[in-house]
Amino acid sequence: MAIGWLGGKRTDDSARLRIGIAGAGHFGRFHALKVAGAARAVLAGIHDPDQQRAERVAAEARGNALPTLDALLEACDAVIIAAPADAHFALAEAALQAGRHVLVEKPIAAGVAQARALASLAASTGRVLQVGHLLRFSAEHAAITARITRPLYIEATRLAPFKPRGTDVSVILDLMIHDLDLVLAIVDSPIESVDALGAAVSSAHEDIANARVRFANGCVATITASRISLKTERRMRLFSEEGYLSADFVARSLTMLGRDRGMKLPGTGGFGREVVSWDEQDALAAEHDAFIAACLDGAPVIVDAAAGIRALEAAIAVTEGMADSRRRMERSGLIR
């Protein structure tokens with residue numbers, strides 16, 4: 001089928017988007033299976049430097065394992081990049097230069113200069129560049145932003161047991177960046193300062209980290225991430241003039257205390273409590289649907305390069321804050 005393009009939009013809107021997967025690891029497998037079952041997409045192929053791994057995932061997703069990146073790009077209209085973070089830039093650059101749309105897992109690139117180069121390339125080629133910050137497509141994000149618009153203080157906690165996967169980067173780029181992106185989406189203000197602490201315990205990079213982020217509008221966010229905890233915990237608490245909100249991402253529940261909310265509490269003059277819960281939501285499918293709509297229909301990119309760059313800049317600021325704290329502790333003799 002011949003497919004043409006006009007202003008970045010497919011001229012044959014009835015056709016399904018041919019999506020290739022670059023990377024057949026943990027997340028690449030999930031992406032491949034999701035694309036294989038999508039109504040408006042077709043799995044064009046999977047490429048991974050480990051050909052046997054690519055073949056295993058391809059067999060499970062009923063697709064083809066392609067031996068080279070060039071072969072993958074030739075077979076597809078769009079690429080999902082689910083490779084290690086240090087490969088994101090090279091893969092995304094090659095895909096965009098080949099005229100393919102790109103959905104790249106977070107972080108958008110290993111450094112801000114690379115991220116900005118990708119944003120510029122996507123703009124010049126008229127191709128979609130979406131960043132895989134999955135929380136933006138979650139029920140939790142929708143529920144929080146519908147209730148809190150002017151936060152004064154945010155506390156986010158993301159804890160997980162140790163797994164070797166993801167230790168090629170620090171816990172900041174592995175886990176904390178999810179909450180950094182969500183906080184940045186909620187707080188419409190530049191970052192003014194970052195104070196952070198962290199330590200490498202089980203890998204070559206930081207496995208635990210805590211950051212206190214102050215925004216120019218006065219809002220403060222305290223974000224904690226760990227990948228060496230005994231159990232999984234993902235929570236966010238927000239304080240604002242609108243009330244107090246507590247969200248448990250694992251239990252998929254949210255409690256909001258404030259005026260004109262839910263059940264009224266006796267003797268509070270209109271102060272009430274609202275409790276919301278939801279069934280498990282397929283955020284990955286929602287992310288794919290948004291990507292496909294951007295590619296096929298010209299819909300706005302929900303998590304674009306600018307959002308990916310902002311999250312990466314925040315993660316780097318946390319990393320630099322930890323390095324500064326470590327230097328101070330070394331000078332004081334607290335650590336060696």
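Residues numbered from 1 in each chain as written. Predicted model: local features only at pLDDT ≥ 70, side-chain atom pairs only at ≥ 80, totals over all residues. Heavy atoms only, no water.

The next point concerns the nonpolar core. Ranked by size, the top nonpolar core spans 79 residues in total, and within it Ile-81, Ile-108, Ile-144, Ile-172, Met-176 and Met-236 carry the most contacts. Top contributing element to this core by residue count: helix 7 (residues 171-186), with 11 residues. Counting 23 residues, the second-largest nonpolar core is a separate cluster that includes Leu-43, Ile-46, Ala-61 and Leu-296. (Core = buried A, V, L, I, M, F, W, Y, C linked by side-chain atoms within 4.5 Å. Buried < 20%, exposed > 50% of the residue type's maximum accessible area, 1.4 Å probe, protein only. Helix = DSSP H or I, 4+ residues; strand = E, 2+ residues; numbered from the N terminus.)

Here the focus is the pattern of salt bridges. Side-chain pairs of opposite charge can arise where the charged atoms are in close proximity. Taken as a whole, this structure holds 18 salt bridges when the rule is applied. For Arg-136, the salt bridge identified is with Asp-181, shortest N-O distance 2.9 Å. With Arg-136 in the loop between strand 7 (129-132) and helix 6 (139-145) and Asp-181 in helix 7, the pair connects residues that are 45 residues apart, well separated along the chain. For the pair shown, Arg-136 and Asp-181 are each scored as buried. Arg-227 is paired through a salt bridge with Asp-207; the nearest N and O atoms lie 2.7 Å apart. Taken together, the residues Arg-227 in the loop between strand 11 (220-226) and strand 12 (233-240) and Asp-207 in the loop between strand 9 (191-199) and strand 10 (208-215) connect sequence positions 20 residues apart. Assigned by exposure class, Arg-227 and Asp-207 land together as buried. The network of salt bridges with shared partners includes Asp-195, Asp-324, Arg-327 and Arg-328. (Salt bridge = Lys/Arg side-chain N within 4 Å of Asp/Glu carboxyl O.)

Time to look at the sheet that holds strand 6 (residues 101-105). Ordered by their spatial adjacency, 5 strands build an open sheet running 4-3-5-6-7, and the pairing between neighbours is parallel. Each of the sheet's edge strands pairs with one partner strand only, and the pair in question is strand 4 (41-47) and strand 7. With direction set aside, neighbouring strand axes in the sheet form an average angle of 20°. When strand 3 (residues 17-22) meets strand 5 (residues 78-81), the two strands line up parallel, connected through 4 bridges. Looking at strand 5, one finds that Ile-21 is bridged to Ile-80. (Pairing = 2+ DSSP bridges. Axes fitted to C-alpha atoms, helices over the stretch in contact; angles between N-to-C directions.)

In short, geometric facts, not functional conclusions.
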